[in-house]
Amino acid sequence: MATVTLKGNEIHTSGTLPETGSKAPDFTLCATDLSGKTLNDFEGSRVILNIFPSVDTGTCAASVREFNKSASSLENTKVLCISKDLPFAQARFCGAEGLENVVNLSDFRDGKFGEDYGLVFTDGPLQGLLSRVVIVLDESGKVLYSEQVPEIVDEPDYKAALAVL
């Protein structure tokens, strides 16, 4: 279990992040067209998992915008923006913002991704949602970098995540 804060108040997650050097757990998440996407669908590309509670919050939206901007100049890299938002909300947000360089995926169907990655809040006002985390994977799905943002209202360290690529 990890402990992070929400405006200074402790909240906890269901587990710990995959360790650097380990193979990332496979997943099946729901794309905006309601199809299922697995980690294997992105094999051969470097992958940034941008994980957050909801695209309808300012910090989460900012992370999607920032990674969308960065993704346009990254070679052989996919940015997956993952939350429990419904795929319709994810598509609406990116459509309204003109964001085309990220892939939105939802863990709303069974929550297995959040559990397997140890990211689900187990208490507090965000209970049931995903913690703010960035995980960078190499072409074979090995974890190169991870950050669990210690204060949920803060943005991740974009430069550190991108530097490993």
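Conventions we followed
Residues numbered from 1 in each chain as written. Predicted model: local features only at pLDDT ≥ 70, side-chain atom pairs only at ≥ 80, totals over all residues. Heavy atoms only, no water. Helix = DSSP H or I, 4+ residues; strand = E, 2+ residues; numbered from the N terminus. Contact = heavy atoms within 4.5 Å. Areas by Shrake-Rupley, 256 points an atom, 1.4 Å probe, with all protein chains shown as cover. Phe/Tyr/Trp six-rings, centres within 6.5 Å; stacked < 30°, edge-to-face > 60°. Buried < 20%, exposed > 50% of the residue type's maximum accessible area, 1.4 Å probe, protein only. 1 Å grid on protein atoms, 1.4 Å probe; cavity = no way out; pocket = protein on both sides within 12 Å on 5 of 7 lines; lining within 4 Å. Points joined across faces, edges and corners; volume = space filled by probe spheres on them. Nonpolar A, V, L, I, M, F, W, Y, C, P; charged D, E, K, R; others polar. Core = buried A, V, L, I, M, F, W, Y, C linked by side-chain atoms within 4.5 Å. Pairing = 2+ DSSP bridges.

1. Remarks on the overall build of the protein chain
Thinking step 1. Tallying secondary structure elements over the protein chain gives four helices and nine strands in all.
Thinking step 2. The linear arrangement of helices and strands in the protein chain, starting from the amino end, is β-β-β-β-β-α-β-α-β-α-β-β-α.
Thinking step 3. By sequence separation, contacts in the protein chain at least 24 residues apart represent 65% of the contacts at least 6 residues apart.
Thinking step 4. Summed over its atoms, the accessible surface of the protein chain is roughly 7,400 Å², and 48% of this surface lies on carbon and sulfur atoms.

2. Some words on the packing of aromatic side chains
Thinking step 1. By the definition in use, this model includes three aromatic pairs.
Thinking step 2. Put simply, the rings of Phe27, Phe113 and Tyr117 touch in pairs and so form one group of aromatic residues.

3. Points about the environment of Gly21
Thinking step 1. Structurally, Gly21 can be placed in the loop between β2 (9-12) and β3 (28-31).
Thinking step 2. The class for Gly21 is partly exposed, based on a relative accessible area of 46%.
Thinking step 3. For Gly21, the contacting residues outside a window of four places in its chain are Lys142 and Val143.

4. Considering empty space enclosed by the protein
Thinking step 1. Throughout the structure, instances matching the rule amount to one cavity of 30 Å³ or more.
Thinking step 2. Within the lining of the largest cavity, the residues separate by chemical class into three nonpolar, four polar and four charged.

5. Considering the nonpolar core
Thinking step 1. Counting 22 residues, the largest nonpolar core has Phe27, Leu49, Ile51, Ile82, Phe113 and Tyr117 as the members making the most contacts within it.
Thinking step 2. Breaking this core down by element, the ones donating at least two residues are β3, β5 (46-51), β6 (77-83) and β8 (133-137).
Thinking step 3. Formed by 12 residues, the second largest nonpolar core is a distinct cluster that contains Ile48, Val55, Val102 and Ala161.

6. With respect to unusual backbone geometry
Thinking step 1. Although it is not a glycine, Leu34 sits at a positive phi angle of roughly 75°.
Thinking step 2. On the secondary structure map, Leu34 appears in the loop between β3 and β4 (36-38).
Thinking step 3. For Asn76, which is not glycine, the phi dihedral falls at a positive 50°.
Thinking step 4. Mapping Asn76 onto the fold places it in the loop between α1 (58-71) and β6.

7. Some remarks on the pairing of β8
Thinking step 1. Burial runs high along β8: five of the five residues are buried.
Thinking step 2. Side-chain alternation along β8 places Val133, Ile135 and Leu137 on one buried face and Val134 and Val136 on a second face that is also buried.
Thinking step 3. Direction of pairing for β5 relative to β8: antiparallel, over a ladder of five bridges. Bridge pairing in β8 places Val47 opposite Leu137.
Thinking step 4. Sheet topology note: the β8/strand β9 (residues 143-148) ladder contains five bridges and is antiparallel. Within β9, the residue paired with Val133 across the bridge is Gln148.

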